[in-house]
Amino acid sequence: KRTAGAIYCNVLEFAREVPVNKSRIMYAAFLSYTQLVKHLNFLSDRGLIAPLEDGRYSTTAKGREYIKQFRDVDDLEKSVATPKRQELLKMITKP
């Protein structure tokens, strides 16, 4: 299951290079329309994504910074958590 932060990052990534419409984001991020609207409103209210006059959305500079920070934290979690999980599995696995 994806976290809300991961979904936000996905949505922002899809609108980072070129402005995109709701349908493209919805299908690329595997979201229902209801979920998409909820996440777009959340991101827009916080200045991470900007709705354009033509109905498309574009990731803001703040949104691009969110993507970078999210990836940094995700990479750190993976580098620390994966070895720790392997250690835990070794402790409970029968020899």
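The structure presented is a predicted model; accordingly, all values stated were derived computationally and were not measured. (Residues numbered from 1 in each chain as written. Predicted model: local features only at pLDDT ≥ 70, side-chain atom pairs only at ≥ 80, totals over all residues. Heavy atoms only, no water.)

Trainee: Could you give an account of the pattern of salt bridges, with specific residues and numbers?
Mentor: Scanning all chains against the criterion turns up five salt bridges. Ionic pairing is found between Arg-16 and Glu-17, a salt bridge with its closest N-O pair at 3.2 Å. By relative accessible area, which is 63% here, Glu-17 ends up exposed. A salt bridge links Asp-54 to Arg-56; the nearest nitrogen and oxygen atoms lie 2.7 Å apart. (Salt bridge = Lys/Arg side-chain N within 4 Å of Asp/Glu carboxyl O. Buried < 20%, exposed > 50% of the residue type's maximum accessible area, 1.4 Å probe, protein only.)

Trainee: Can you lay out the environment of Thr-82 for me, pointing to particular residues and giving the numbers?
Mentor: Within the fold, Thr-82 resides in helix α4 (residues 61-92). Residue classification places Thr-82 among the partly exposed positions, given a relative accessible area of 37%. Distance in space between the C-alpha atoms of Thr-82 and Pro-19 is 36 Å, their sequence separation being 63 residues. (Helix = DSSP H or I, 4+ residues; strand = E, 2+ residues; numbered from the N terminus.)

Trainee: Summarise the packing of aromatic side chains; cite the residues concerned and give the values.
Mentor: Applying the stated criterion across every chain, the model contains two aromatic pairs. With a centroid separation of 4.7 Å and 10° between ring planes, the pair formed by Tyr-8 and Phe-42 is classed as stacked. With Tyr-8 in helix α1 (residues 4-14) and Phe-42 in helix α3 (residues 33-45), this pair connects stretches of sequence that are 34 residues apart. Plain terms: the ring middles of Tyr-66 and Phe-70 are 6.1 Å apart, the flat faces sit at 25° to each other, and that makes the pair stacked. Taken together, the residues Tyr-66 and Phe-70, both in helix α4 and four residues apart, mark about one turn of the helix. By relative accessible area, Tyr-66 is classed as partly exposed at 25%. Look at Phe-70 and you get partly exposed, because its relative accessible area is 22%. Over the face of the ring belonging to Phe-42 we find Arg-46, whose NZ or CZ atom lies 3.6 Å from the ring centre. (Phe/Tyr/Trp six-rings, centres within 6.5 Å; stacked < 30°, edge-to-face > 60°. Lys NZ or Arg CZ within 6 Å of the ring centre and 35° of its normal.)

Trainee: Describe in detail the side chain of Ser-58, supporting the description with residues and values.
Mentor: Within the secondary structure, Ser-58 sits in strand β2 (residues 57-59). With residues near it in sequence (within four places) discarded, Ser-58 still touches Ala-15, Pro-19, Ile-49, Ala-50 and Leu-52. (Contact = heavy atoms within 4.5 Å.)

Trainee: Go over the packing of α1 against α3, please, and point to the residues and values.
Mentor: It is at 11 Å that the axes of α1 and α3 come closest, and there the two elements cross at 80°. As judged from the angle between their axes, α1 and α3 are roughly perpendicular. Between α1 and α3, the residues in contact are Ile-7, Tyr-8, Val-11 and Leu-12 and His-39, Leu-40, Phe-42 and Leu-43, respectively. For the contact of α1 with α3, the class distribution of residues is seven nonpolar, one polar and no charged. (Axes fitted to C-alpha atoms, helices over the stretch in contact; angles between N-to-C directions. Parallel < 35°, antiparallel > 145°, perpendicular 65-115°, else oblique. Nonpolar A, V, L, I, M, F, W, Y, C, P; charged D, E, K, R; others polar.)

Trainee: If you had to explain the nonpolar core to someone new, which residues and values would you point to?
Mentor: Residues Val-11, Ile-25, Leu-40, Leu-43 and Ile-49 are the most contacted members of the largest nonpolar core, which totals 18 residues. Mapped by element, the contributors of at least two residues to this core are α1, α2 (22-28) and α3. Among the elements that line this core, the one with the most residues is α1, at five residues. Beyond its immediate chain neighbours, meaning those up to four positions away, Val-11 contacts Ile-25, Ala-29, Leu-31, Leu-40, Leu-43 and Ile-49. (Core = buried A, V, L, I, M, F, W, Y, C linked by side-chain atoms within 4.5 Å.)

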